[in-house]
Amino acid sequence: MSTDTTDGADADNELRERITNFLRRNFPQIQMHGGSAAIAHLDREKGEVTVQLGGACSGCGISPMTIQAIKSRMVKEIPEIETVHADTGAAAGADGDLGGTSSGGMSPSFPGETTDDGGDDEGPQAPF
């Protein structure tokens, strides 16, 4: 009986490694532009994976295209995966830090926008 558990864990680890290699191989520009990608959740039985993009991806204008490319390519290249969920955001994935996006302290501001934080106003803050 313990063999089944070990075999399942081995299969999960092997699939996780293939997904990670897929991301590295197909999307090196994510890392080149200061972004990161991590597997947030994997359900081998359902054929579902959730990929969390972080770092510079969180505010990037082309991240929706990157997400769409990940979704369409991964199901073609990894037969065990039927559904890909991918997103950017402030929450870190279960597999580790995503470039500090979990700090949540700063949100982008826009020219002319004012906030009353009680401190000296030096103008709008840069989103980075």
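Structure's up top.
Residues numbered from 1 in each chain as written. Predicted model: local features only at pLDDT ≥ 70, side-chain atom pairs only at ≥ 80, totals over all residues. Heavy atoms only, no water.

Asks: What is the right way to look at the pairing of strand β3 (residues 83–88) in this model?
Replies: Here is the key point about a regular strand: its side chains alternate between the two faces of the sheet. With burial as the criterion, only one face of β3 is covered, namely that bearing Val 84, Ala 86 and Thr 88; the residues Thr 83, His 85 and Asp 87 on the opposite face remain uncovered. In this structure, strand β2 (residues 48–55) lies alongside β3, joined through 6 bridges in parallel fashion. Following the sheet pairing, Val 51 is matched in β3 by Ala 86. (Buried < 20%, exposed > 50% of the residue type's maximum accessible area, 1.4 Å probe, protein only. Helix = DSSP H or I, 4+ residues; strand = E, 2+ residues; numbered from the N terminus. Pairing = 2+ DSSP bridges.)

Asks: Explain the side chain of Asn 26 to me, please; I cannot follow it from the model alone.
Replies: Mapped onto the secondary structure, Asn 26 falls in helix α1 (residues 2–26). Those residues in contact with Asn 26 that sit more than four places away from it in its chain are Arg 73 and Glu 77. (Contact = heavy atoms within 4.5 Å.)

Asks: What exactly am I supposed to notice about the nonpolar core here?
Replies: Here is a general trend for soluble globular proteins: nonpolar side chains tend to be buried in one another's company. Within the largest apolar cluster, 20 residues are counted, with the highest numbers of intra-cluster contacts made by Ile 19, Leu 23, Val 49, Ile 70, Met 74 and Ile 81. Among the secondary structure elements, those contributing two or more residues to this core are α1, β1 (35–43), β2, α3 (63–77) and β3. Discounting residues that sit within four places of it in the chain, Ile 19 has contacts with Ile 39, Leu 42, Val 49, Met 74, Ile 78 and Ile 81. (Core = buried A, V, L, I, M, F, W, Y, C linked by side-chain atoms within 4.5 Å.)

Asks: In this structure, what is going on with the packing of aromatic side chains? I would like to understand it.
Replies: Working definition: an aromatic ring pair is given by the centre-to-centre distance plus the angle between the planes. Inspection of the entire model under this criterion finds 1 aromatic pair. Between Phe 22 and Phe 27, the ring centres sit 6.0 Å apart and the planes meet at 65°, which makes this aromatic pair edge-to-face. Its relative accessible area of 4% is what places Phe 27 among the buried residues. (Phe/Tyr/Trp six-rings, centres within 6.5 Å; stacked < 30°, edge-to-face > 60°.)

Everything listed is a geometric property; what it means functionally is a separate question.
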